[in-house]
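Listed below, chain by chain, are the residues.
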Amino acid sequence: MYRGRFAPSPTGPLHLGSLFTAVASWLSAKAARGQWLLRIEDIDPPREPPSAIGRIFSSLRTHGLVSDETVLLQRDRHEAYAAAVEDLLAAEHAFYCTCSRQDLAVAREQHPPQCANSKQSPGVPASIRVHMPADRYSFEDALLGHVDVPVTEDSFVIRRKDGLFAYHLAVVVDDAFQHISHVVRGRDLLDSTPYHLRLQHLLGLPTPVYSHLPLLLNDQGRKLSKQNLADPLDDDMAPDNLRFCLEALGQPQAPARLGDCASLLAWAVEHWDCSRVPRHDLPVTRQT
Ligand code: GLU
């Protein structure tokens, strides 16, 4: 059974770039007669305005994108992340690290031996990192074909110094927990995939099929994102927003008579052709 997901971090309202990912993952799942799940990746409370989750739910609902199961909130999953960290420490794949960013920059991202072997909590705030032995990772991406991603660091963080769990750990634990078979997400996360493959291997978890989508770029050639101040989605324009995403995904144009989100999505599922999804990033002139 195909099980896909959309997993936004609630650091602000959705924008056109996030809708593009949501629509692509939804259509891929529905065209395969599979399920589509929504997961809220709320692992970084200082960066999450309290209203964001409600706005994300309401935007998705207005655009006709509804989770097939109860929405998973990562704030409820700390025990599972802590257990994975314990397993990785016990197996000596992970270590405590007190290095500052500056120490690491000076040492070109290589940890001093006394740090890289430290299995005991040092009693002061420390991050927990996982060794990354290879300097490149290859895998088959369902959209991009064979990809080879270089890795520059000798390790990566799974629990931060402030005690918060890192995205790499949470996403891998939860994709497995939710039995996600296919991950469709933006190409900005391609560089993260080696860390996910490594954690899946170490934790004995299955690797889903990955598809990394092109990015929508603003007029300065930067990814549409909250950091680049992309406009929040205008829910009053929902059918137009969906049509925009379908066109950006290279899909055939839906008949003009289809004016509401449900009929547009139903039509798009029947005509979904992933071979038409562009492989290159896409400049966007319209930002609603
Ligand atoms: N939470 C991540 C984000 O909003 C996406 C995670 C993923 O799709 O793997 O960028």
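Here we summarise the structure given alongside this text.

### Some words on the pattern of salt bridges
- In total, this model carries 13 salt bridges according to the counting rule given.
- In this structure, Arg39 and Asp175 form a salt bridge, with 3.0 Å as the shortest nitrogen-oxygen distance. Of this pair, Arg39 sits in strand 2 (residues 35-40) while Asp175 sits in helix 6 (residues 167-177); the two residues are 136 residues apart in sequence, bridging distant segments of the chain. No difference in accessibility class separates Arg39 from Asp175, as the two residues are buried.

### So, the pairing of strand 6 (residues 136-141)
- By the alternation rule, side chains of strand 6 split into Tyr137, Phe139 and Asp141, which are all buried, and Arg136, Ser138 and Glu140, of which none is buried.
- Here strand 6 pairs with strand 7 (residues 145-150) via six bridges, running antiparallel. Its bridge partner being in strand 7, Arg136 is matched across the sheet by Pro150.
- Counting the residues that bridge the hairpin from strand 6 to strand 7 gives three residues.

### Describing the environment of Phe156
- Here Phe156 lies in strand 8 (residues 155-159).
- Measuring from C-alpha to C-alpha, the distance between Phe156 and Ala256 comes to 49 Å, with 100 residues separating the pair along the chain.
- Excluding residues that lie within four positions of it along the chain, Phe156 makes contacts with Ile128, Arg129, Val130, Met132, His168, Tyr195, Arg198 and Leu199.

### Topic: the packing of aromatic side chains
- As enumerated under the stated definition, the model contains four aromatic pairs in all.
- Between the aromatic rings of Phe6 and Trp36, the centroid separation amounts to 6.4 Å while the plane-to-plane angle is 10°, which identifies the pairing as stacked. Of this pair, Phe6 sits in strand 1 (residues 3-6) while Trp36 sits in strand 2, placing them 30 residues apart in sequence. Taken as a pair, Phe6 and Trp36 share a single burial class, namely buried.
- Note on Tyr81 and Phe165: the rings are 5.5 Å apart at their centroids and 65° apart in plane angle, and the pair reads as edge-to-face. Within this pair, whereas Tyr81 is found in helix 3 (residues 78-90), its partner Phe165 is found in the loop between strand 8 and helix 6, the two being separated by 84 residues in sequence.
- The class for Phe165 is buried, based on a relative accessible area of 11%.
- A cation sits over an aromatic face here: Arg77 above Phe177, 3.7 Å from the ring centre.

### Examining the site of the ligand
- Surveying the vicinity of the ligand reveals the residues Arg5, Ala7, Pro8, Ser9, Glu41, Tyr167, Val171, Arg185 and Leu189.
- Residue Arg5 places a side-chain N or O atom 2.6 Å away from an oxygen atom belonging to the ligand.
- In this structure, Glu41 approaches the ligand through a side-chain N or O atom, which is 2.6 Å from a nitrogen atom.
- In isolation the ligand exposes 300 Å². Once the protein is present, 79% of that is buried.
- Its residues assigned to classes, the shell around the ligand comprises five nonpolar, one polar and three charged.

Rules of the game
- Residues numbered from 1 in each chain as written.
- Predicted model: local features only at pLDDT ≥ 70, side-chain atom pairs only at ≥ 80, totals over all residues.
- Heavy atoms only, no water.
- Salt bridge = Lys/Arg side-chain N within 4 Å of Asp/Glu carboxyl O.
- Helix = DSSP H or I, 4+ residues; strand = E, 2+ residues; numbered from the N terminus.
- Buried < 20%, exposed > 50% of the residue type's maximum accessible area, 1.4 Å probe, protein only.
- Pairing = 2+ DSSP bridges.
- Contact = heavy atoms within 4.5 Å.
- Phe/Tyr/Trp six-rings, centres within 6.5 Å; stacked < 30°, edge-to-face > 60°.
- Lys NZ or Arg CZ within 6 Å of the ring centre and 35° of its normal.
- Near = heavy atom within 4 Å.
- Polar contact = N/O pair within 3.5 Å; in protein donor to acceptor, adjacent residues only side chain to side chain.
- Areas by Shrake-Rupley, 256 points an atom, 1.4 Å probe, with all protein chains shown as cover.
- Nonpolar A, V, L, I, M, F, W, Y, C, P; charged D, E, K, R; others polar.

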